[in-house]
Amino acid sequence: MSPKLVIVGTVALDDVTTPFGSVTRALGGSAFYGSVAASYWTSVGIVAIVGNDYPDEGFQVLSRRAVDFRGIEKSLEKTFAWTGEYTYDLNTAITKETRLNCLLSFNPKVERYYPNPETLFLANIDPDIQGGILDSLPTRPALVALDTMNYWIDSKRTSLLRVLKKIDLLTINESEARMLTGEFNLVLAARAIRSLGPSMVAIKKGEHGALVFYEGGVFASPAMPLEVVKDPTGAGDSFAGGLLGYLTSHSHRSPELLKQASIIGSVMASFCVSDFGVTGTLSLSMDEISGRIREFGDLTGFGRIDYEERRL
Ligand code: AMP
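Residues numbered from 1 in each chain as written. Predicted model: local features only at pLDDT ≥ 70, side-chain atom pairs only at ≥ 80, totals over all residues. Heavy atoms only, no water.

Colleague: Please give an account of the overall build of the protein that cites residues and values.
Modeller: Within the protein, the regular secondary structure consists of twelve helices and 13 strands. The C-alpha radius of gyration of the protein comes to 19 Å, within 12% of the 20 Å expected for a compact globule of 312 residues. Taking the principal axes of its C-alpha atoms as reference, the protein extends roughly 75 × 40 × 40 Å. Looking at the protein as a whole, 54% of its 312 residues qualify as buried. Taking contacts inside the protein between residues at least 6 apart in sequence as the whole, the part at least 24 apart equals 66%. With the model as given, the accessible surface of the protein reaches about 14300 Å², and the carbon-plus-sulfur share is 51%. In the protein, which carries 30 positive and 36 negative side-chain charges, the distance between the mean positions of the two groups comes to 5 Å. (Helix = DSSP H or I, 4+ residues; strand = E, 2+ residues; numbered from the N terminus. Rg over C-alpha atoms; globule rule 2.2 N^0.38 Å. Buried < 20%, exposed > 50% of the residue type's maximum accessible area, 1.4 Å probe, protein only. Contact = heavy atoms within 4.5 Å. Areas by Shrake-Rupley, 256 points an atom, 1.4 Å probe, with all protein chains shown as cover. Lys, Arg positive; Asp, Glu negative; His and termini not counted. Charge placed at Lys NZ, Arg CZ, Asp CG, Glu CD.)

Colleague: Kindly report on the pairing of strand β9 (residues 143-147), identifying the contributing residues and their values.
Modeller: On a regular strand, each side chain points to the face opposite its neighbour's, so the side chains alternate between the two faces of the sheet. Among the five residues in β9, five count as buried, and that is most of the element. Pairing of strand β8 (residues 119-122) with β9 involves four bridges; the strand directions are parallel. From the neighbouring strand, Leu122 faces β9, where its bridge partner is Leu146. Each parallel crossover has a hand, and for β8 linked through helix α4 (residues 127-136) to β9 it is right-handed. Where β9 meets strand β10 (residues 169-173), three bridges bridge the pair, whose relative direction is parallel. From the neighbouring strand, Asp147 faces β10, where its bridge partner is Thr171. (Pairing = 2+ DSSP bridges. Right-handed = clockwise from strand over helix to strand, strands pointing away.)

Colleague: Residues and numbers for the sheet that holds strand β3 (residues 21-28), please.
Modeller: Judged by pairing direction, the sheet is mixed, and its four strands sit side by side in the order β3-β2-β6-β7 without closing on themselves. In this open sheet, the two strands that pair with only one neighbour each are β3 and β7 (94-99). The average angle at which neighbouring strand axes cross in this sheet is 15°, direction not considered. Inspection of the sheet shows strand β2 (residues 12-18) paired to β3 by six bridges, in the antiparallel sense. Bridging from a neighbouring strand, Asp14 pairs with Ala26 of β3. (Axes fitted to C-alpha atoms, helices over the stretch in contact; angles between N-to-C directions.)

Colleague: Any details on the layout of surface pockets? Residues and values, ideally.
Modeller: Roughly 170 Å³ of internal volume is contained in the second largest pocket. Looking at the second largest pocket, the residues that line it are Ala142, Leu143, Asp168, Met200, Tyr214, Leu247, Arg253, Ser254, Pro255 and Leu258. Partitioning the lining of the second largest pocket into residue classes produces seven nonpolar, one polar and two charged. (1 Å grid on protein atoms, 1.4 Å probe; cavity = no way out; pocket = protein on both sides within 12 Å on 5 of 7 lines; lining within 4 Å. Points joined across faces, edges and corners; volume = space filled by probe spheres on them. Nonpolar A, V, L, I, M, F, W, Y, C, P; charged D, E, K, R; others polar.)

Colleague: Hey, could you go over empty space enclosed by the protein for me, with residue numbers and the actual values?
Modeller: Counted by the stated rule, this structure contains one cavity of 30 Å³ or more. What the largest cavity holds in volume is close to 40 Å³. If you go around the largest cavity, the residues you meet are Glu111, Tyr114, Pro115, Asn116, Pro117, Leu137, Pro138 and Thr139.

Colleague: Account for the site of the ligand, naming residues and giving values.
Modeller: Of all residues adjacent to the ligand, which total 18 residues, the nearest are Asp14, Gly29, Trp152, Gly234 and Asp237. Measuring from a nitrogen atom of the ligand, one finds a side-chain N or O atom of Trp152 at 3.0 Å. Counting only elements with at least two residues in the shell around the ligand, the list comes to β2, α5 (150-155) and α9 (235-248). With three residues, α9 is the single largest residue contributor to the shell around the ligand. When the residues that make up the shell around the ligand are grouped by side-chain class, the tally is nine nonpolar, seven polar and two charged. (Near = heavy atom within 4 Å. Polar contact = N/O pair within 3.5 Å; in protein donor to acceptor, adjacent residues only side chain to side chain.)

Colleague: An account of helix α2 (residues 56-64) is requested, with residue identities and associated values reported.
Modeller: Every buried residue of α2 is listed here: Gly58, Phe59, Val61 and Leu62. When α2 is viewed along its axis, its buried side chains cluster within an angular range of 155° and face the same direction. Relative to its buried face, α2 has exposed residues pointing more than 90 degrees away, namely Asp56 and Arg64. Buried residues belonging to α2 abut β3, α1 (30-38), β4 (44-50), β5 (68-74) and α11 (279-282). Count one or two residues on from α2 and you reach Ala66, which has phi positive near 55°. (Arc of directions from axis to C-beta.)

Colleague: Which residues make up the pattern of salt bridges, and what are the values?
Modeller: Enumeration according to the criterion identifies 14 salt bridges in this entry. When the shortest N-O distance is used, the salt bridge between Asp126 and Lys156 registers 2.7 Å. Here Asp126 is found in the loop between β8 and α4, whereas its partner Lys156 is found in the loop between α5 and α6 (157-164), with 30 residues between them in sequence. With a closest N to O distance of 2.9 Å, Asp135 and Lys166 form a salt bridge. Of this pair, Asp135 sits in helix α4 while Lys166 sits in the loop between α6 and β10, and the two are 31 residues apart along the sequence. (Salt bridge = Lys/Arg side-chain N within 4 Å of Asp/Glu carboxyl O.)

In structure tokens, the structure reads:
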């Protein structure tokens, strides 16, 4: 059966240092994190490229989550590799090195592996690749989402602006939303982004959650205040994976569903940051997920507020 949600992006080997430890050659990449998180909610197919140094363990992880990886090409080059660091500001990843390696020769054909996905997530990758995929599809999926980052806003702004015109939902970090639009105020930045194409914009604010702007409103999805946060890498992709997986598992669309989907995104991100790599999201039970959804309910819900006008 063809997966309902197709995620295109990077499958990477990450070297990450945070104040709480470090990992080398950890399984990562935007599509990798996104697929693992989305797999709890809908059927997922991944499209990416890996090099001849990519460990089998990466495929085993995807198998464990029943992610269809027929769409991962194998190259004779090396795997895309990212080196990043976080200081005590866990909201900002400092890129030390980006080695594109096999990504430079990646020209994926989504429909060859997965015809007619309901949702397409163009996770963070070269905007020329994102645009090429969208243009090559025989039919446009009902929902097309995209994520990007400073690296591509800097180096491929024109290509990015071209593909933004054709998508429905952009997920982007707050600093990158500012960088893309030149607007410091996030409400104005979201408005500017919506005028570039996507009707929905999720601005990710790290430990402060996310703001989701849509036609007629904005929804604030918090981040769970956790005792243990080890590594924020992949939180954004896990947020997007959870949000899109949940949306794809429903046949209708409404602002209410979008709000619920954002909470699911925050739930998946909260598991992601609790450990390095995909350790936090790989083996969750539905009980753990339901418990975290309830915690989000407790965090945000409040009863009726009773008050009387105070006459002076
Ligand atoms: P995030 O969810 O934003 O923390 O994304 C983390 C993942 O993005 C890491 O696993 C990296 O391998 C991947 N990554 C880093 N730089 C890039 C880039 N320029 N293009 C695509 N993916 C990247």
